[in-house]
Amino acid sequence: AQRVTQPEKLLSVFKGAPVELKCNYSYSGSPELFWYVQYSRQRLQLLLRHISRESIKGFTADLNKGETSFHLKKPFAQEEDSAMYYCALSTGFQKLVFGTGTRLLVSP
Amino acid sequence: GAGVSQSPSNKVTEKGKDVELRCDPISGHTALYWYRQSLGQGLEFLIYFQGNSAPDKSGLPSDRFSAERTGGSVSTLTIQRTQQEDSAVYLCASSPTSEGQPQHFGDGTRLSIL
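Residues numbered from 1 in each chain as written. Chains lettered and ligands numbered in written order. Predicted model: local features only at pLDDT ≥ 70, side-chain atom pairs only at ≥ 80, totals over all residues. Heavy atoms only, no water.

1. Describing the pairing of strand β3 (residues 19-24) of chain B
Residue and element names in this part refer to chain B. Basically, it comes down to this: Residue burial is assigned from relative accessible area. The probe radius is 1.4 Å, only protein chains are included, and a residue is buried under 20% of its type maximum, exposed over 50%, and partly exposed in between. For helices the rule is a DSSP run of H or I covering at least 4 residues; for strands it is a run of E covering at least 2, with both sets numbered from the N terminus onward. Strands pair, by our definition, only if DSSP identifies at least two bridges between them.
Here β3 shows one buried face, formed by Val-19, Leu-21 and Cys-23, and one open face, formed by Glu-20, Arg-22 and Asp-24. In terms of strand pairing, strand β1 (residues 5-7) meets β3 through three bridges, oriented antiparallel. Directly across from Ser-7, in β3, lies its bridge partner Arg-22. Direction of pairing for β3 relative to strand β8 (residues 75-79): antiparallel, over a ladder of five bridges. Note on β8: the bridge partner recorded for Val-19 is Ile-79.

2. Structural notes on the nonpolar core
Residues and elements named next belong to chain A. Put simply, the rule reads: Among buried residues, the Ala, Val, Leu, Ile, Met, Phe, Trp, Tyr and Cys ones that are joined through side-chain atoms within 4.5 Å form a nonpolar core.
Grouped together as the largest cluster of nonpolar side chains are 25 residues, with contacts concentrated most on Trp-35, Leu-72 and Tyr-85. Listed by contribution, the elements that provide at least two residues to this core are β2 (10-14), β3 (19-21), β5 (32-38), β6 (45-49), β9 (83-90) and β11 (102-107). Ranked by residues supplied to this core, first place goes to β9 with four residues.

3. Some remarks on the sheet that holds strand β7 (residues 60-61) of chain A
All names here are of chain A. The sheet built from three strands is open, its strands ordered β3-β8-β7 with antiparallel pairing. This sheet does not close on itself; its edge strands, each paired only once, are β3 and β7. Relative to strand β8 (residues 72-74), β3 is paired through three bridges, and the arrangement is antiparallel. Looking at the pairing, Leu-21 lines up with Leu-72 of β8.

4. What to know about the side chain of A:Glu32
Within the secondary structure layout, A:Glu32 lies in strand β5. Relative accessible area serves as the criterion here: at 14%, A:Glu32 is assigned to the buried category.

5. Quick notes on the pattern of salt bridges
Any two side chains of opposite charge can pair if their charged atoms end up close together. Residue and element names in this part refer to chain A. Worth spelling out the cut-off: When a carboxyl oxygen of Asp or Glu lies within 4 Å of a side-chain nitrogen of Lys or Arg, that pair is called a salt bridge.
Inspection of every chain in the model, using the stated rule, returns eight salt bridges over all chains. Lys-22 is the partner of Glu-20 in a salt bridge, and the nearest nitrogen-oxygen pair spans 3.1 Å. Using a relative accessible area of 29% as the deciding quantity, one classes Glu-20 as partly exposed. The shortest N-O distance in the salt bridge between Arg-49 and Glu-32 comes to 2.7 Å.

6. Let's talk about the state of the cysteines
Residue and element names in this part refer to chain B. For clarity, the cut-off: Here, a disulfide means two cysteine sulfur atoms that sit within 2.5 Å of each other.
Within this structure, the stated rule accounts for two disulfides over all chains. One disulfide bridge connects Cys-23 with Cys-92, the sulfur atoms lying 1.9 Å from each other. For the disulfide bridge between Cys-23 and Cys-92, the dihedral angle about the S-S bond is near -70°, and by the sign convention the bridge is left-handed. Taken together, the residues Cys-23 in strand β3 and Cys-92 in strand β9 (residues 88-95) connect sequence positions 69 residues apart. We note that Cys-23, like Cys-92, is buried.

7. With respect to unusual backbone geometry
In this model, B:Ser7 is joined to B:Pro8 through a cis peptide bond whose omega is -10°. Within the chain, A:Arg41 stands out as a residue other than glycine whose phi angle is a positive 60°. Along the chain, the position of A:Arg41 falls in the loop between β5 and β6. In this structure A:Arg41 comes out as exposed when scored by relative accessible area, which is 82%. For B:Arg81, which is not glycine, the phi dihedral falls at a positive 45°. Mapped onto the elements, B:Arg81 comes out in the loop between β8 and β9.

8. Re the sheet that holds β8(B)
Consider a sheet: its strands pair through backbone hydrogen bonds, and that pairing is either parallel or antiparallel. Residue and element names in this part refer to chain B. Just so we agree on the cut-off: The angle between two axes is taken between their N-to-C directions and runs from 0 to 180 degrees, where each axis is a line fitted to C-alpha atoms and a helix contributes only its stretch in contact.
Sheet architecture is open: four strands sit in the order β1-β3-β8-β7, paired in antiparallel fashion. Two strands lie at the open edges of the sheet, namely β1 and β7 (65-69), each paired on one side alone. Geometrically, the sheet is characterised by an average inter-axis angle of 15° between neighbouring strands, direction not taken into account.

See below:
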């Protein structure tokens, strides 16, 4: 069965510190992975996807098939990064399987 | 409109009543998805439409849940004989096709069953 695990419910860091939000997945096929973000009082929106291999707002994520991970990283966190982050797996028909989310809190 | 629109934004109803939730996708998007987010849970897939047909209904939790889409546009999610465990935020998303396109989400409908 497909599953996405985000082990941390809350990640609290200080401004300027590095951030890594963990995501592990379980899927026997070739996965497509996404990170979605929900800022306070805003709708859920796509942050990045692994096939794009791009950096959005300073965030990057690399798909590691050996470790079945897709961790989200940013070298220097900003206060405006505070939000709820969801890792999601697409299994071909674009049905997204979501993790339970990690709340990132960046303090000044 | 510019984005996915859902109505109502909030719905409070008594246990046993039927409710209808509406989703207006982005114009031209052929794929439409319903998800549910319960307290402390991640987003749970409910149903997916490609055009007016629903090739994947695997996530509907019981036969009290149904959904339809007409004209390849608006979709309605209906919950009959609501139960307290149906309380959740119901999110709708759309994408241009079902092939590798990111999904665009609405603000959701917060459903509370008393």
